[in-house]
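Close look at the chain arrangement
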Amino acid sequence: MIPGVTDLTETGIPEPLRLREFFSEDLLDLRMDYASIYGNDQLRSEISELYSGLDKENILVTSSTSESNMILTNLAVNNGDEVLIQVPSFMQIPGLVEANGVRIHKYYLEAENGFEFDIDKFNEAVTSKIKVFAFNYPNNPTGRVLDKSQVRAICEIANAWIIADEVYRGIEFDGPFSPSFAEFYDKALVSSSVSKVFGLAGLRVGWVVGSKDMIEKASAYKEYTTLGGSVLSEELAARVLHRDMRQKFIDRGRKLVRESFDVFDRWMRQNEGIVSYNKPKFGVIALVRHELEIPSNEFCRKLLEEKKIAVIPCDDCFPDLKNGDRYLRMCYCHPPAIVEEALANVSEVMGKYTGRKPIGVPRIKSAA
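Now for a description of the structure that goes with this document. Counting from 1, residues in each chain are numbered in the order their sequence is written. Owing to the predicted nature of the model, reporting of local features is limited to residues with pLDDT of at least 70; listing and counting of side-chain atom pairs is limited to 80 or more, with chain, interface and lining totals taken over all residues. As a rule here, side-chain values cover all heavy atoms of the structure and leave hydrogens and water aside.

**Side note on the packing of aromatic side chains**
- Stacked, edge-to-face and tilted labels apply to pairs of Phe, Tyr and Trp rings (six-membered ring for Trp) whose centres lie within 6.5 Å, assigned for plane angles under 30 degrees, over 60, and everything in between, in that order. The final tally for this structure, using the stated rule, is 15 aromatic pairs.
- Residues Y107 and F122 carry aromatic rings whose centres are separated by 5.8 Å and whose planes lie at 85 degrees to one another, so their mutual orientation is edge-to-face. Residue Y107 is located in strand 4 (residues 103–108), and its partner F122 is located in helix 4 (residues 119–125); the two are separated by 15 residues in the primary sequence.
- With a centroid separation of 5.3 Å and an interplanar angle of 55 degrees, the aromatic rings of F261 and Y332 are classed as tilted. You can see F261 sitting in helix 8 (residues 246–270) and its partner Y332 sitting in the loop between strand 13 (327–331) and helix 11 (336–350), a full 71 residues away along the chain. Residue F261 shares its accessibility class with Y332, and that shared class is buried.
- A network of ring pairs unites the aromatic residues Y107, F117, F122, F133, F135, Y137 and F181 as a single cluster.
- Here the basic side chain of R169 rests over the ring of Y51, its NZ or CZ set 4.6 Å away from the ring centre. By definition, any uninterrupted DSSP run of H or I lasting at least four residues is a helix, any uninterrupted run of E lasting at least two residues is a strand, and each is numbered from the N terminus. Type-normalised accessible area, obtained with a 1.4 Å probe on protein chains alone, sets the label of each residue: buried when under 20%, exposed when over 50%, and partly exposed for intermediate values. Charge over a ring is defined by NZ of Lys or CZ of Arg lying within 6 Å of the ring centre and within 35 degrees of the ring normal.

Here you go:
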């Protein structure tokens, strides 16, 4: 990001973990050798406990979700396949799938339905020729999640490979983790990482979840990407995910997200009629519809030029979103005071392109 710009496009938690919060001196004796292709054994065990009914043999550690998506896409998709992609979604998997030379079909989440998944309409989009289904849940950019009944229904209908980017699983505002496709279907290939709720994007540690034979095949792909990850990063991730530690860090991440979301949600309510949204069910992404007199990409350019604030215009970045020129993807990925200040500046620029002056959020009162 450009220095001096407040980035409302990022998708991490408001305050990433600092090394001092989980470092201990015994790490100084860690041997800086090559890592195992499959990943740190303890880390694989800890990751498997995030999924019901799985063990470490179902896990391949990777260098971020990006590598996971690259591997699982090449694992499941062949040139000439027909693939059904749920849209809108983060564009990496659709891009990787398209690069493999496939025929793409699309199932659209619709604004009229609050961007909720409609199992009947999904069923109508399915044909017997489809070899792979691609999903991104919890969903970027709509903020929607799936419940167990929806995941089960999708798996029953699919009868083919499912690729699922689940990197936001765990960063729901409350309650248990969202259900994973890997918990219900042996032909699911799932990606995730420690980047979101754990606040460890700097470690670049992700993973693939799948059946044991597919994990073995995935490891062969990894030999030609990174071969092995960082020994230090994997050891640090294993400590944060340890069963005696992980809940503390999950609670920390969710608390930080809720505090910043409260500021964002208050701003949305105060500016009803200018902006609106289907309140997200997890942090830190909001798909915001606006009623401005200019399209999203032009507004975002003005916002960056005048206030040094970066927001994603959906007409440029989510081409499958209907009326994308009326939508912004905004993130509340900073501490509350920074979110508050940024939104005040967004309001000021919005005021130039609507008949009603938007307002910022009330100042956060400092503790006495």
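**Topic: the side chain of N100**
- Take N100: it is sitting in the loop between helix 3 (92–99) and strand 4.
- Accessibility expressed as a relative area gives 18% for N100, which makes it buried.
- Sequence-distant contacts of N100, that is, excluding residues within four places in its chain, are made with T73, N74, V77, N78 and N79. By definition, residues are in contact when any of their heavy atoms lie within 4.5 Å.

**Things to note about the sheet that holds strand 10 (residues 285–290)**
- By the convention used here, strands pair only if DSSP detects at least 2 bridges between them. Here we have four strands laid out as an open sheet, ordered 9-10-13-12, and antiparallel in their pairing. The open sheet has two free edges, formed respectively by strand 9 (275–276) and strand 12 (312–313), since each of these has just one partner strand.
- Relative to strand 10, strand 9 runs antiparallel, the two sharing two bridges. In the strand pairing of strand 10, V275 is matched with H290.

**Focus: the sheet that holds strand 8 (residues 206–209)**
- Taking strand neighbours across the sheet as the criterion, the seven strands line up as 2-8-7-6-5-3-4 in an open arrangement whose pairing is mixed. Strand pairing shows two members of the sheet lacking a second neighbour, strand 2 (59–62) and strand 4, which therefore form its edges. Each strand of the sheet is rotated relative to its neighbour by a mean of 20 degrees, with strand direction disregarded.
- Judged from the four bridges that link them, strand 3 (residues 82–87) and strand 5 (residues 130–136) form a sheet pairing that is parallel. Each bridged residue has a counterpart across the sheet, and for E82 the counterpart in strand 5 is I130. Inter-axis angles, ranging from 0 to 180 degrees, are taken between N-to-C directions of lines fitted to C-alpha atoms, where helices are fitted over the stretch in contact.

**Some remarks on the packing of helix 2 (residues 64–76) against helix 6 (residues 212–222)**
- Direction vectors running N to C along helix 2 and helix 6 enclose 115 degrees, while the axes themselves pass 10 Å from each other. Classified by the angle between their axes, helix 2 and helix 6 sit roughly perpendicular to one another. Of the two possible hands of crossing, helix 2 and helix 6 adopt the one that is right-handed. Within the contact between the two elements, helix 2 uses E67, I71, N74 and L75 and helix 6 uses M214, K217, A218, Y221 and K222.
- Three residue categories are used. Nonpolar comprises Ala, Val, Leu, Ile, Met, Phe, Trp, Tyr, Cys and Pro, charged comprises Asp, Glu, Lys and Arg, and polar comprises the others, including Gly. Class assignment for the residues of the contact of helix 2 with helix 6 results in five nonpolar, one polar and three charged. For this classification, under 35 degrees means roughly parallel, over 145 means roughly antiparallel, 65 to 115 means roughly perpendicular, and everything else is oblique. Each crossing is labelled by how the near helix is turned from the far one, with a counterclockwise turn of less than a right angle marking it left-handed and a clockwise turn marking it right-handed.

**Examining the packing of helix 1 (residues 41–48) against helix 7 (residues 231–241)**
- The N-to-C vectors of helix 1 and helix 7 enclose an angle of 35 degrees; their axes lie 9 Å apart at closest approach. Here helix 1 runs over helix 7; the crossing is left-handed. On helix 7, the residues that touch Q42, L43, E46 and I47 of helix 1 are E234, A237, A238 and L241.
- Residues of the contact of helix 1 with helix 7, tallied by class, amount to five nonpolar, one polar and two charged.

**Looking at unusual backbone geometry**
- Omega for the peptide link from V87 to P88 comes to 0 degrees, which places this bond in the cis form.
- Relative to the elements of secondary structure, P88 occurs in the loop between strand 3 and helix 3.
- Here the amide bond leading from Y137 into P138 is cis, since omega sits at -10 degrees, within 30 degrees of zero.
- Structurally, P138 can be placed in the loop between strand 5 and helix 5 (148–158).
- Of note in this structure, S64 is not a glycine but carries a positive phi near 90 degrees.
- Examined against the element boundaries, S64 turns out to sit in helix 2.
- A relative accessible area of 6% means that S64 is categorised as buried.
- The residue N323 is not glycine, and still its phi comes out positive at about 55 degrees.
- As for its placement among the helices and strands, N323 is situated in the loop between helix 10 (314–317) and strand 13.

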